[in-house]
Amino acid sequence: MNILKFLTAGSVDDGKSTLIGRLLYDSEAILADQLEALQRANRKNDDGTIDLAILTDGLKAEREQGITIDVAYKYFQTEKRKFIIADTPGHIQYTRNMVTGASNSDLAIILIDARKGVIEQTIRHSFLVSLLGLPRVLVAVNKMDMVDFSQEVFENIVEDYKKLAKKVGLENVAYIPVSALKGDNIVHKSVRMPWYLGESLLPYLESVEIPVDTQSDHGRFPVQWVVRPQTDELHDYRGYAGRVASGSFRVNDKVTVLPSGFQSTISKIELAEQEPDVAVAGMSVTVHLQDEIDISRGDMLVSAQNQPMVSQQIEADLCWMDTKPLDTTHTYFLQHNSKLTRCRIQEVLHKVNINTLEKESADEFKLNDIGRIVIKTADPVVFDLFQNNKANGGAILIDGRTNVTVGALMFRANAD
Amino acid sequence: MSNKDQLDYLDELEAEAIYILREVAGQFEKPALLFSGGKDSITLVYLALKAFRPGKFPFPLVHIDTGHNFDEAIIYRDQLIERIGEKLIVGYVQEDIDAGRVVEQRGKNASRNQLQTVTLLNTIAKHQFDACIGGARRDEEKARAKERIFSVRDEFGQWDPKRQRPELWNQYNGKIHKGENVRVFPISNWTELDVWNYIRRENIPLPSLYFSHERDVITRNGVYMAASPFLNMDDEDIVERKSVRFRTVGDMSCTAAVESYAYHIDDIIDEISASRISERGARMDDKVSEAAMEDRKKGGYF
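Residues numbered from 1 in each chain as written. Chains lettered and ligands numbered in written order. Predicted model: local features only at pLDDT ≥ 70, side-chain atom pairs only at ≥ 80, totals over all residues. Heavy atoms only, no water.

### Description of the nonpolar core
Side chains of nonpolar character tend, in soluble globular proteins, to be buried together.
Then, in step 1: Of all hydrophobic cores here, the largest spans 72 residues; its most connected members are A:Phe6, A:Ile109, A:Phe127, A:Val129, A:Tyr161 and A:Leu205.
Then, in step 2: It is helix H6 (residues 151-168) of chain A that contributes the most residues to this core, seven residues altogether.
Then, in step 3: Formed jointly, this core draws a minimum of three residues from each of two domains, domain 1 (2-207) and domain 3 (309-414) of chain A.
Then, in step 4: Not counting chain neighbours up to four residues away, the residues in contact with A:Phe127 comprise A:Val168, A:Val352, A:Ile354, A:Leu357 and A:Ile370.
Then, in step 5: Ranked by size, the runner-up nonpolar core spans 68 residues in total, among them A:Ala86, B:Ile20, B:Ala73 and B:Ala226. (Core = buried A, V, L, I, M, F, W, Y, C linked by side-chain atoms within 4.5 Å. Buried < 20%, exposed > 50% of the residue type's maximum accessible area, 1.4 Å probe, protein only. Helix = DSSP H or I, 4+ residues; strand = E, 2+ residues; numbered from the N terminus. Domains from an automatic or database assignment. Contact = heavy atoms within 4.5 Å.)

### A closer look at the domain arrangement of chain A
Residues and elements named next belong to chain A.
Then, in step 1: Assigned domains of chain A: these are domain 1 (2-207), domain 2 (216-303) and domain 3 (309-414).
Then, in step 2: Listed by partner, the interface residues are 20 residues for domain 1 and 16 residues for domain 3.
Then, in step 3: Taking both sides of the interface into account, the surface hidden between domain 1 and domain 3 amounts to around 1500 Å²; carbon and sulfur atoms contribute 66%.
Then, in step 4: Three residues, Arg96, Phe127 and Leu131, lead the burial of domain 1 against domain 3; their summed loss comes to 38% of the area buried on that side.
Then, in step 5: Seen at the junction of domain 1 and domain 3, the total is zero salt bridges.
Then, in step 6: For the pair domain 1 and domain 3, the number of links is six residue pairs in polar contact (both at pLDDT 80 or more).
Then, in step 7: For the side of domain 1 that touches domain 3, the secondary structure elements donating two or more residues are helix H4 (95-103), helix H5 (120-131) and H6.
Then, in step 8: At six residues, H5 tops the list of elements feeding residues into the side of domain 1 that touches domain 3.
Then, in step 9: Residues of the side of domain 1 that touches domain 3, tallied by class, amount to 11 nonpolar, five polar and four charged. (Buried area = accessible area lost by both parts, 1.4 Å probe. Salt bridge = Lys/Arg side-chain N within 4 Å of Asp/Glu carboxyl O. Polar contact = N/O pair within 3.5 Å; in protein donor to acceptor, adjacent residues only side chain to side chain. Nonpolar A, V, L, I, M, F, W, Y, C, P; charged D, E, K, R; others polar.)

### Structural notes on the pattern of salt bridges
Then, in step 1: Under the defined criterion, the tally for this structure stands at 37 salt bridges over all chains.
Then, in step 2: The closest approach of N and O atoms between A:Lys82 and B:Asp194, which form a salt bridge, is 2.4 Å. Of the two residues, A:Lys82 sits in strand E3 (residues 81-87) while B:Asp194 sits in helix H6 (residues 192-202), which places them in two different chains. With respect to burial, A:Lys82 and B:Asp194 carry one shared label: buried.

### Considerations on the sheet that holds strand E6 (residues 173-177) of chain A
Then, in step 1: Strand order in the open sheet formed by six strands is E2-E3-E1-E4-E5-E6 (chain A), with mixed pairing between adjacent strands. Of all strands in the sheet, those with a lone pairing partner are strand E2 (72-77) and E6 of chain A, marking the two edges. Sheet twist, expressed as the average angle between the axes of neighbouring strands with direction ignored, equals 25°.
Then, in step 2: Inspection of the sheet shows strand E1 (residues 2-9) of chain A paired to E3(A) by seven bridges, in the parallel sense. Bridge pairing in E3(A) places A:Ile3 opposite A:Lys82.
Then, in step 3: Of the strands in this sheet, strand E4 (107-113), strand E5 (136-142) and E6 of chain A are in contact with H6(A), which crosses E6(A) at around 160°.
Then, in step 4: Seen against the sheet, helix H1 (residues 9-27) of chain B touches E1 and E3 of chain A and runs at an angle of roughly 70° to E1(A). (Pairing = 2+ DSSP bridges. Axes fitted to C-alpha atoms, helices over the stretch in contact; angles between N-to-C directions.)

### Some words on the sheet that holds strand E15 (residues 300-303) of chain A
Residues and elements named next belong to chain A.
Then, in step 1: Here six strands make up a closed barrel; going around it, the order is E8-E9-E14-E12-E11-E15 and the pairing antiparallel. When the angles between neighbouring strand axes are averaged without regard to direction, this sheet yields 45°.
Then, in step 2: Examined bridge by bridge, strand E8 (residues 220-227) and strand E9 (residues 239-243) share four bridges and lie antiparallel to one another. Bridged to Val226 within E9 is Tyr240.

### Notes on the environment of B:Arg22
Then, in step 1: Take B:Arg22: it is sitting in helix H1.
Then, in step 2: Taking C-alpha positions, B:Arg22 is 9.2 Å from B:Pro58, a pair spaced 36 residues apart along the chain.
Then, in step 3: Discounting residues that sit within four places of it in the chain, B:Arg22 has contacts with A:Gln224, A:Ala241, A:Gly242, A:Ser284, A:Val285, A:Thr286, A:Arg297, B:Lys50, B:Ala51 and B:Phe52.
Then, in step 4: Only 3.1 Å separates the side chain of B:Arg22 from the backbone oxygen of B:Ala51, close enough to count as a polar contact.

Right, here's the structure in full:
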């Protein structure tokens, strides 16, 4: 059994929280006392059924305003898979929250209201999902009960969305007509849409394949911590602790240490008391090398035959996440895997209007703005392009004055 | 490219938790692991063994002792510390009571659970801890579902849900100002069932409280409480002998037992899989109001 992390994009009006509530409710993931709390809160739909949306509205302010402000994580499990849902808000002022949720997801469910079809926010959500490089997208056309379960309505929306998907560069899109409120095509197949021959939502989520890059020559291993017991019996022990970001590493593989460029060979891989021959993407291990080299946190071990770029000037997409606008004269921190270095945004190339996808000139980069910039760093950064390797192509910006995370970066080209 | 089936879900959760523990080691000067004696913080200790052995832990274990502990939990704690050879720091709620920094609650449902926040904050300040690792999980409660893995607290220990930092990919931002600290939750993405399945897979020993045993209990607000000198009892309370176990281990005065005949870990996993009451449902402290946990977290609670 493995884990599927997915994001739900849509607004309150699309019935997003109801959809999640329905998945939890119909898959029996809601426990008795949570159900009791639900009933105690006493929020009802117009037809007298329990309002399932309240299950995902965690914080007081959100309950008062009736909207999802932050990212809430929900967990459920079936016999086939364990699921982690990132429930993120859909309004434009919460773009940064959706970007955050998308960064930790394998799949996005984009909700479309069957009565409204593809609208401005659909464009925005689809653009963000594409920007963050999610490998799978599911378009759930919701509220089919409000359009008499019409096949024609569904098919028109699918046609419209295909054009949009092409425009924003989304591949691997699936489409399911649903009614979250009534439960059609969520867990059980709808008897009211016999014309739809595909899977319901839950069976789709249980079986969709999520690609992981475990190719041997794509090995990237950021060193987090050096294990050095320095005891009498382990005097010479020196292990490099970290999590394989991409690809795989085997004992006897040749590796290069970056940015220094030293070469060595893996002599041993440890996972607690085991010594596996191979460590693949996602595994936290301790690696030993044949040669004694000066390696510390922030360095990266990579497959010798396919190396990432090393540069101090990188072109990147930036999503700005702070209320204080970007200051091109200020020195920020760049955090990229275990590497922390000072940096400056050297040039703003353009902004993207995320509702129309038009490029605009950018005098100011404000909260929720997205665009293309060139960054200059104090130390060399060891990176891959985000479109080729998400695990080594994304980074965050931190403002040292507030210590807040102010931006998300997706590296797009070496600008050196 | 291959399908995401290389790692089993427990392997993936374990790898993520180890990654987070190592980030704490790499990013902070004086971290600590908050150890309650419960199964979640015990799991953290075993994850730390995987993250740092054969080296020493880069942090001590910190226990906030309310004085109302189950004996079994303290015995377990001391044996564990001796076995792994790591440092333990204990903060005593009794000291804060004696010094008049906190006042004990009165009444039938009095508990020291609320008081431990003060002792926790004092202990953090005294040792100047900049990061405290805890075993909280997002599936426990609605406010926790929104808390970050690196959760920044201001110098009063307060959590501000409106000012949480965005947390992207696996980039955890641990930068803080002096006086602030970060609470770190490596098993945020685990569910109660995941923890139990992991404990079974790894053969992790637990305090005997988690398994069914005979005990004198009274019924309070629809749940069983262990009869003890720490519980304010009166004539209306009827002491009964029941076969019970505890699903969480906290204070004797606020941790309720469930009637159970689960003697082995397999029985417990079967019981939880079939159960219709979540584990925090057996905590009196969360029942107070709809927003109980959120309010306590804002005040600096774990």
